[in-house]
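Understanding the architecture of this molecule
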Amino acid sequence: MPGMIVVGLQWGDEGKGKVVDWLAESADIVVRFQGGQNAGHTIVVGDETFTLSLLPSGILRHGTVAVLGSGVVIDPESLIHEIRHLRDRGFRVDNTNFMIAENASLVLGAHKHLDIFREGPSDSKSEIGTTLMGIGPAYEDKVGRRAVRVCDMANPDRLDTVVKGLVRHHNKIRQGYNGLDIQAKSVHGDLLDYAPHLLPFVRPVWKFLRESLHQNKTVLFEGAQGTFLDVEHGTYPYVTSSSTVSGSALCGSGVGPKDIESVVGVCKAYQTRVGNGPFPTEQLNSTGGKLRRVGVEIGTITSRPRRCGWLDAVMVRQACAISGVEGVVITKLDVLDGFDELKVCSGYRLMGQYLDHLPSCTDAQSKVVPLYETFPGWTQPTAGVRKKSNLPKEARAYIDRIEELIECPVTLLSTSPERNDIIRYSDGPPS
Ligand code: IMP
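Residues numbered from 1 in each chain as written. Predicted model: local features only at pLDDT ≥ 70, side-chain atom pairs only at ≥ 80, totals over all residues. Heavy atoms only, no water.

Tallying secondary structure elements over the protein chain gives 12 helices and 20 strands in all. In terms of overall dimensions, the protein chain is globule-like: its C-alpha atoms have a radius of gyration of 22 Å, near the 22 Å expected for 431 residues. For the protein chain, the spread of C-alpha atoms along the principal axes amounts to about 65 × 50 × 40 Å. For the protein chain, the residues scored as buried account for 58% of the 431 residues in total. Expressed as a percentage of contacts within the protein chain between residues at least 6 apart in sequence, the contacts between residues at least 24 apart total 75%. Carbon and sulfur atoms form 51% of the exposed surface of the protein chain, whose accessible area is close to 17,800 Å². (Helix = DSSP H or I, 4+ residues; strand = E, 2+ residues; numbered from the N terminus. Rg over C-alpha atoms; globule rule 2.2 N^0.38 Å. Buried < 20%, exposed > 50% of the residue type's maximum accessible area, 1.4 Å probe, protein only. Contact = heavy atoms within 4.5 Å. Areas by Shrake-Rupley, 256 points an atom, 1.4 Å probe, with all protein chains shown as cover.)

Next up on the list: the pairing of strand β1 (residues 3-8). In terms of burial, β1 is largely enclosed, as 6 of its 6 residues are buried. Two strands pair when backbone bridges link them, and β1 and strand β10 (residues 219-222) are joined in this way by 4 bridges, in the parallel orientation. Bridge assignment links Val-6 to a residue of β10, and that residue is Glu-222. One ladder, built from 5 bridges, connects β1 with strand β11 (residues 262-268); its direction is parallel. (Pairing = 2+ DSSP bridges.)

Counting 108 residues, the largest nonpolar core has Leu-79, Phe-98, Leu-191, Phe-221 and Tyr-398 as the members making the most contacts within it. Counting contributing residues, this core receives three or more from each of domain 1 (3-96 + 204-424) and domain 2 (105-198). Residues contacting Phe-98, with those up to four places away along its chain left out, are Leu-55, Pro-56, Ile-59, Val-65, Ala-66, Leu-68, Leu-79, Ile-83, Val-93 and Phe-201. Membership of the second largest hydrophobic core comes to 14 residues, among which are Ala-24, Val-30, Leu-220 and Ile-422. (Core = buried A, V, L, I, M, F, W, Y, C linked by side-chain atoms within 4.5 Å. Domains from an automatic or database assignment.)

Here we take up the site of the ligand. The full set close to the ligand counts 16 residues, and Asp-13, Asn-38, Thr-131, Thr-240 and Arg-304 are the nearest of them. At 2.8 Å from an oxygen atom of the ligand is found a side-chain nitrogen or oxygen belonging to Arg-304. Across the shell around the ligand, the residue classes break down as 6 nonpolar, 8 polar and 2 charged. The residue makeup of the shell around the ligand includes at least three contributed by each of domain 1 (3-96 + 204-424) and domain 2 (105-198). (Near = heavy atom within 4 Å. Polar contact = N/O pair within 3.5 Å; in protein donor to acceptor, adjacent residues only side chain to side chain. Nonpolar A, V, L, I, M, F, W, Y, C, P; charged D, E, K, R; others polar.)

This paragraph deals with unusual backbone geometry. Across the junction of Tyr-236 and Pro-237, the peptide omega takes the value 10 degrees, indicating a cis bond. With an omega of 0 degrees, the peptide bond running from Pro-429 to Pro-430 counts as cis. Backbone geometry at Asp-13 places phi at a positive 60 degrees, although glycine is not the residue there. Tracing the backbone shows Asp-13 in the loop between β1 and α1 (16-23).

Now for the environment of Arg-145. Tracing the sequence through the fold places Arg-145 in the loop between α4 (135-143) and α5 (156-176). We classify Arg-145 as exposed; its relative accessible area is 78%. Sequence separation between Arg-145 and Tyr-270 is 125 residues, and the spatial gap between their C-alpha atoms is 40 Å.

Tracing the backbone shows Val-163 in helix α5. Sequence separation between Val-163 and Asp-152 is 11 residues, and the spatial gap between their C-alpha atoms is 9.5 Å. Filtering out sequence-adjacent residues up to four positions away, Val-163 remains in contact with Val-148, Ala-184, Val-187, His-188 and Leu-191.

What follows is the structure in structure tokens.
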């Protein structure tokens, strides 16, 4: 460190929560910079499992300050619930170990309604397959300059003006969906009720981070979702509404590039996706079923079964390039234990042409044919292994070839959900 960014290299759910939790042991501050309660981080500590959605993973480490940056969209009700839940389980959450950027925007009930109007009640019929948590509509209001922001909750008059403007806009849209009007008075009242629970945490986060970095404090920037859900670089339009790549960490928290020492990417040893959209290496067969069963590939927040497939090294290489990743952490290697053979996508064919990258057009993304390299599987389990020398030689060959294909060192390998089941593999960050 002092500034280290951690991003997902696939479609989210790469296991970033465990990696950030592990790195948070040596971090003073952990910052989330984008997304909202659509993110789900599962962390296993001993016999206990924690699922976080808005709170940064660092909140579980004693001595670490957890921060929600300005790029995060905050659902006040969900955040209050999450804080209460952690307190009930014996964790301290107060204004010495948690803070919220005063310029972050809020997710309101009206945003969730709009998400549901657009997507329909059944995910299988929906267009994008969102989490229905109002994330897209909240970001629309942010760039539309009509969002309610955290700082507005401290000023009832200003809040009144902003809420009235937002409600006027939403009621026009709601009429198009035959939705009932919402009342500004009730939205205003709810926000004033939430205010005393959240305002004690509110700070100019950019200033706190600047001072902390100047004091040589170590800051970990925790990405949510993954590169191919990025609103610009992802499989648009089947993406989330924020920027999930490393550049977003600067804007979404208020620091400059000179404060960043390294960028770390996280990917699974295979590939998964929830929601709709192209997935070149998807396995709609017994292989996909086995990956889902063994990897327990069920959405953390929405409980939707995840789509599963072979690792796509073309996409991971592209994700590393876009975020300037210098070290990759591969998670869930143990899920591949016992497969007879494994495949990794090393290129695509599209209309008779070879492609070394994922094209931008959604039609082309749906039509690319993956070209696979095949590897022998291993019988000796990797689950719980903590030393490179104890890995089966086939597992090492698999990882060594992935390093070549993605053009980036695999620095860490995770071999189980347990906090300390991590192997140092090659040199590079995180170190
Ligand atoms: P939204 O973020 O709820 O608007 O959903 C847009 C797309 O991003 C959908 O395909 C979701 O399934 C996906 N998505 C959003 N958050 C996550 C996440 O944390 N993990 C995996 N997929 C996600």
